[in-house]
Every structure is written in structure tokens, then in C-alpha cells.
Amino acid sequence: MTTTLNNFKQGQLTSSEVSLVLSTASEKRFLGAIEVFNTSDSNVEIVFWLMLTVTAGTTGAGSNEKYSRTIPARTSRVIMDFQGQVVDNNMKFSGKASETLVVNYTISGTTET
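The shown structure was predicted, so the numbers you read here are calculated from the model rather than taken from an experiment. (Residues numbered from 1 in each chain as written. Predicted model: local features only at pLDDT ≥ 70, side-chain atom pairs only at ≥ 80, totals over all residues. Heavy atoms only, no water.)

### Looking at the packing of aromatic side chains
Argument step 1. Applying the stated rule across the entire model yields 5 aromatic pairs.
Argument step 2. When the centroid spacing of 6.4 Å and the interplanar angle of 75° are considered together, the rings of Phe48 and Phe82 count as edge-to-face. Residue Phe48 is found in strand 4 (residues 44-52), and its partner Phe82 is found in the loop between strand 6 (76-79) and strand 7 (86-87); the two are separated by 34 residues along the sequence. For the pair shown, Phe48 and Phe82 are each scored as buried.
Argument step 3. A ring pair is formed by Phe48 and Phe93, whose centres lie 5.3 Å apart and whose planes are at 15°; its orientation type is stacked. Taken as a pair, Phe48 in strand 4 and Phe93 in strand 8 (residues 91-97) lie far apart in primary sequence, 45 residues in all. (Phe/Tyr/Trp six-rings, centres within 6.5 Å; stacked < 30°, edge-to-face > 60°. Helix = DSSP H or I, 4+ residues; strand = E, 2+ residues; numbered from the N terminus. Buried < 20%, exposed > 50% of the residue type's maximum accessible area, 1.4 Å probe, protein only.)

Listed below in C-alpha cells is the structure:
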């Protein structure tokens, strides 16, 4: 068994749910640091999910969201709520923002093969 530190993904959240971290059948990924930065002059809501890959993320009453917060304008946040969570071959870590292409993100962690 080998464990490798990874910068899983970085980019900008869109207003539709997008898969940010997936893993293959031969590996497990452990989430580490998740950092977000709101580049806009307005508050922006972000939502993250940790769920089965075949499931679509929902918000509002009865939703399956795991994290939902409003990020103030021109502010960064380090999200520790998912640190150590496992993303195995049947799961995904996904997210979205209330405005497209204004929230930058970086996700790091470890991969076990």
C-alpha cells in the first residue's frame, strides 16, 4: 500500500454541481485542505456534497448537501469540515456556487493505492 500527497484539483466553481474529487476502483482518496476565495464584490453561497457518484446534489428543504455557507466578498476560507473524509470508488466530492466563475478553490489530500 502506498500513500501519496496530492493537489487534487483547483479551479473556479460554477453555478451547477460539478464533481471535484473522484477515485478509481484501485484507490481511496482522503480529503485534506479545501480553500475557497470569493473574488467578487458580492457575497456568494457555496455548497459541497460528499455522496455516491450516481446521486445528484440537491439544495433546500430535504437536500443532501453536506456544507452550505455564504462567503463574504473578497474573502477566503479554509474549510476543515471534510478533512479526513474518504472518497472511494463509489463516491464523489462535488460543489457549486451561487455565481459562476467567481469562487476559486484548491483541494488537496492523500491517495492510497
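### Topic: the pattern of salt bridges
Argument step 1. What the rule picks out here adds up to 4 salt bridges.
Argument step 2. One salt bridge in this structure joins Asp41 and Arg74, with 3.1 Å as the shortest N-O distance. In this pair, Asp41 is assigned in the loop between strand 3 (28-38) and strand 4 and Arg74 in the loop between strand 5 (67-71) and strand 6, connecting sequence segments 33 residues apart. As far as the burial class goes, Asp41 and Arg74 line up, both exposed. (Salt bridge = Lys/Arg side-chain N within 4 Å of Asp/Glu carboxyl O.)

### Regarding the sheet that holds strand 2 (residues 18-22)
Argument step 1. Spatially, 4 strands are ordered 2-8-4-5 in an open sheet, and the strand pairing comes out antiparallel. The open sheet terminates on both sides in strands that have one partner only, identified here as strand 2 and strand 5. If you compare each strand with its neighbour and ignore which way they point, the axes differ by 25° on average.
Argument step 2. Note: strand 4 against strand 5, 5 bridges, orientation antiparallel. Bridge pairing in strand 5 links Glu45 to Thr70. (Pairing = 2+ DSSP bridges. Axes fitted to C-alpha atoms, helices over the stretch in contact; angles between N-to-C directions.)

### Digging into the side chain of Glu27
Argument step 1. Structurally, Glu27 can be placed in the loop between strand 2 and strand 3.
Argument step 2. At 3.1 Å, the side chain of Glu27 forms a polar contact with the backbone nitrogen of Thr24.
Argument step 3. At a separation of 3.3 Å, a polar atom in the side chain of Glu27 contacts the side chain of Arg29.
Argument step 4. If we skip the residues at most four places from it in the chain, Glu27 touches Leu22, Asn89, Thr111, Glu112 and Thr113. (Polar contact = N/O pair within 3.5 Å; in protein donor to acceptor, adjacent residues only side chain to side chain. Contact = heavy atoms within 4.5 Å.)

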